[in-house]
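Residues per chain are reported as follows:
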Amino acid sequence: GEVALLEQEFAQMVGANFCLAVASGGYALATALRALGVKPGDRVLTNAFTLAPVPGSIASVGAVPVFVGVSEALVIDLDDLEAKADQANVLMLSHMRGHLCDMDRLLEICQSHNIQVVEDCAHTMGAKWKDRWSGRDGVIGCYSTQTYKHMNSGEGGLFVTDDPEIMARAV
């Protein structure tokens, strides 16, 4: 079917093993949290400069957002992330308005604290950090295809991962 072809083509485009088309970017984010096993009461790190679907997806699974400050460049403040890294084991990173933070430093922080990264790429579909597509540094990348996004389907979202177990739980 057309949706399966879209999933295959998008996965191939960004270099992911798996892609799942869903109803919206926000739904992709909530699906990501569920696939990672986030439970009610768990804490999830996220940058404070974002849009409603990000904390909304955290609330939809009963988790609690831990807001991380942002820099003057409108990206997550990596010093504040490092200071709060012991408060959660998942970071929902929102790449706002097409801005990517220093993903190498972010990954160093997250790896040293065993934090799984979910990337909200609603505003960065097609962007790269160095030679890596937005959404490919974390364990899951989530994209929006809502009106006015880079790829428009009126409403919709895409979820990518390389992990077959995460994908099975997402499905």
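Residues numbered from 1 in each chain as written. Predicted model: local features only at pLDDT ≥ 70, side-chain atom pairs only at ≥ 80, totals over all residues. Heavy atoms only, no water.

**Structural notes on the sheet that holds strand 5 (residues 116-120)**
- Reading across from one edge, 1-9-8-5-4-2-3 is the order of the 7 strands in this open sheet, with mixed pairing throughout. Lying at the two open borders of the sheet, with one neighbouring strand each, are strand 1 (18-22) and strand 3 (64-68). Pairwise comparison of adjacent strand axes, ignoring direction, gives a mean angle of 20° for this sheet.
- Of the pairings in the sheet, the one linking strand 2 (residues 43-47) to strand 3 comprises 5 bridges and is parallel in character. Counted as the bridge partner of Asn47 is Val68 from strand 3.
- Docked against the sheet, helix 3 (residues 53-60) engages strand 2, strand 3, strand 4 (90-94) and strand 5, running at close to 155° with respect to strand 4.
- The strands touched by helix 5 (residues 103-112) within the sheet are strand 4 and strand 5, with strand 4 carrying the most contacts at an inclination of about 165°. (Pairing = 2+ DSSP bridges. Helix = DSSP H or I, 4+ residues; strand = E, 2+ residues; numbered from the N terminus. Axes fitted to C-alpha atoms, helices over the stretch in contact; angles between N-to-C directions. Contact = heavy atoms within 4.5 Å.)

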